[in-house]
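# Inside the fold
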Amino acid sequence: METNNLTLGEFIIENQRHYKSTSGEFSRLLSSVKLAAKIVNYKVNKAGLVDIMGNAGETNIQGEDQQKLDVYANKVFMETLINREIVCGIASEEEDDFVTIRGKQGTNENKYVVLIDPLDGSSNIDVNVSVGTIFSIYKRVTPIGTPVELSDFLQPGNLQVAAGYVVYGTSTMLVYTSGHGVNGFTLNPAIGSFYLSHPDFKFPEEGKIYSINEGNYVHFPQGVKDYLKYCQEEKDNRPYTSRYIGSLVSDFHRNMIKGGIYLYPTSAIGPKGKLRLLYECNPMAFLAEQANGRATDGYRRIMDIKPTELHQRVPFFCGSKKMVEKAGEFMAKYPEDANY
Ligand SMILES: O=P(O)(O)OC[C@H]1O[C@](O)(COP(=O)(O)O)[C@@H](O)[C@@H]1O
Ligand SMILES: [Mg+2]
Ligand SMILES: [Mg+2]
């Protein structure tokens, strides 16, 4: 295996022709993400032995208690990218505002901005359940050499040049797309290299798994209640199976392999849903579509939504094509719920 399979580094170089970036800037950027993932992975694996569990005692702009691992992962990804002067700006779920990166000469000739959810599934850190990291990459829209602006980050998802996630689970995997399909790489901890283990991921068109926090059922829009009833009905290949890990990355990963749908709709506690359009929904939507899946807010294609705020939330329906379309049919019966 170690001698046959391509490493992630080799795969990135082999696919440079896809990146329309002759300078190697994009390859170096992916390599920096890969490095930061390894550093975070090392800490995650020792979570019970080092002081990385529990609350960090701070609250982020989302109003959430930051976990120590949220803060640590954010620091590692930010510093790894900033120190390598590989991007011109970063926006993070854990940072109030976007960060402008100026090179040693005070300017920055890089053309990419990165948006990250440094640690996804924070509620699972202390209970040893798999968590992840999510990243999304765009070309800036403002002139190279000038400081980045908000408009560089508020781009619709269909302009992403790459997106991916790391899942820190039974094994650690990095899964990404640069618009030419989705590939998965597994970390060999003994060698410290990611190897191509899952080439060309594809969502099964239809699946039998639905992932949703049913604890919020009473607050769900009627379309979602109707769709859940449909999933639980004893008919055709139903009832489906309910599986919910509580880490978007892990639920998405399982559903991409087995066939399924993940839903985080609006609810009384989250009138616009919970998940962040820029750090979570857009990158997972790009991956889903590149793997023949679909991603909507119940009504619209996620990647066509024009972002208006850095930390905006949207409802999220993502997974196997036919399942997301079926859920959309139920939502369409209640057009008033499209204006969340
Ligand atoms: O506990 P809930 O409300 O079901 O929410 C779980 C969802 O929230 C998230 O944890 C949000 O992500 P963060 O952990 O990055 O804040 C998702 O990973 C997960 O799917
Ligand atoms: Mg998250
Ligand atoms: Mg997070």
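Residues numbered from 1 in each chain as written. Chains lettered and ligands numbered in written order. Predicted model: local features only at pLDDT ≥ 70, side-chain atom pairs only at ≥ 80, totals over all residues. Heavy atoms only, no water.

### Observations regarding the coordination of the magnesium ion (ligand 3)
Distances from the magnesium ion (ligand 3) to its protein donors, Glu-93 (OE), Asp-117 (OD) and Leu-119 (O), fall at 2.1 to 2.2 Å. All donors to the magnesium ion (ligand 3) come from one chain, and their sequence spacing reads E-x23-D-x1-L. Between the magnesium ion (ligand 3) and the magnesium ion (ligand 2) the interatomic distance comes to 3.6 Å, and Asp-117 is a ligand of both metals. Across the pair, exposure class does not vary: Asp-117 and Leu-119 are buried alike. (Donors = N, O, S within 2.8 Å, 3.2 Å for Na, K, Ca; no water. Buried < 20%, exposed > 50% of the residue type's maximum accessible area, 1.4 Å probe, protein only.)

### A short note on the site of ligand 1
If you check the shell around ligand 1, you find 18 residues, and the closest are Asp-120, Tyr-244, Leu-248, Tyr-262 and Tyr-264. Note that an oxygen atom of ligand 1 is positioned 2.8 Å from one of the side-chain N or O atoms of Tyr-262. Here ligand 1, which alone exposes 470 Å², has 88% of that area covered by the protein. Sorting the residues of the shell around ligand 1 by element identifies strand E5 (112–120) and strand E13 (260–264) as the ones contributing at least two each. (Near = heavy atom within 4 Å. Polar contact = N/O pair within 3.5 Å; in protein donor to acceptor, adjacent residues only side chain to side chain. Areas by Shrake-Rupley, 256 points an atom, 1.4 Å probe, with all protein chains shown as cover. Helix = DSSP H or I, 4+ residues; strand = E, 2+ residues; numbered from the N terminus.)

### Looking at the coordination of the magnesium ion (ligand 2)
Here the magnesium ion (ligand 2) is held by Asp-117 (OD), Asp-120 (OD) and Glu-280 (OE), and the distances to it run 1.8 to 2.1 Å. Under the relative-accessibility criterion, Glu-280 is labelled buried at 2%.

### Observations concerning the packing of helix H2 (residues 25–45) against helix H3 (residues 68–83)
Angle between the axes and distance between the axes are the two parameters that describe a pair of packed helices. Packing of H2 against H3 leaves a shortest axis separation of 9 Å and a crossing angle of 150°. Classified by the angle between their axes, H2 and H3 sit roughly antiparallel to one another. Here H2 runs over H3; the crossing is right-handed. In contact with Leu-29, Ser-32, Val-33, Leu-35, Ala-36, Ala-37, Ile-39, Val-40, Lys-43 and Val-44 of H2, H3 contributes Leu-69, Tyr-72, Ala-73, Val-76, Phe-77, Thr-80 and Leu-81. Taken together, the residues of the contact of H2 with H3 sort by class into 14 nonpolar, 2 polar and 1 charged. (Axes fitted to C-alpha atoms, helices over the stretch in contact; angles between N-to-C directions. Parallel < 35°, antiparallel > 145°, perpendicular 65-115°, else oblique. Left-handed = near helix turned anticlockwise from the far one by under 90°. Contact = heavy atoms within 4.5 Å. Nonpolar A, V, L, I, M, F, W, Y, C, P; charged D, E, K, R; others polar.)

### Comments concerning the environment of Asn-15
Topologically, Asn-15 is positioned in the loop between helix H1 (8–14) and H2. Under the relative-accessibility criterion, Asn-15 is labelled buried at 12%. Along the primary structure Asn-15 and Ala-295 are separated by 280 residues, whereas in three dimensions their C-alpha atoms are 26 Å apart. A polar contact of 2.7 Å, which involves the side chain of Asn-15, links it to the backbone oxygen of Phe-11.

Take it as geometry only, folks, not as evidence of what the structure does.
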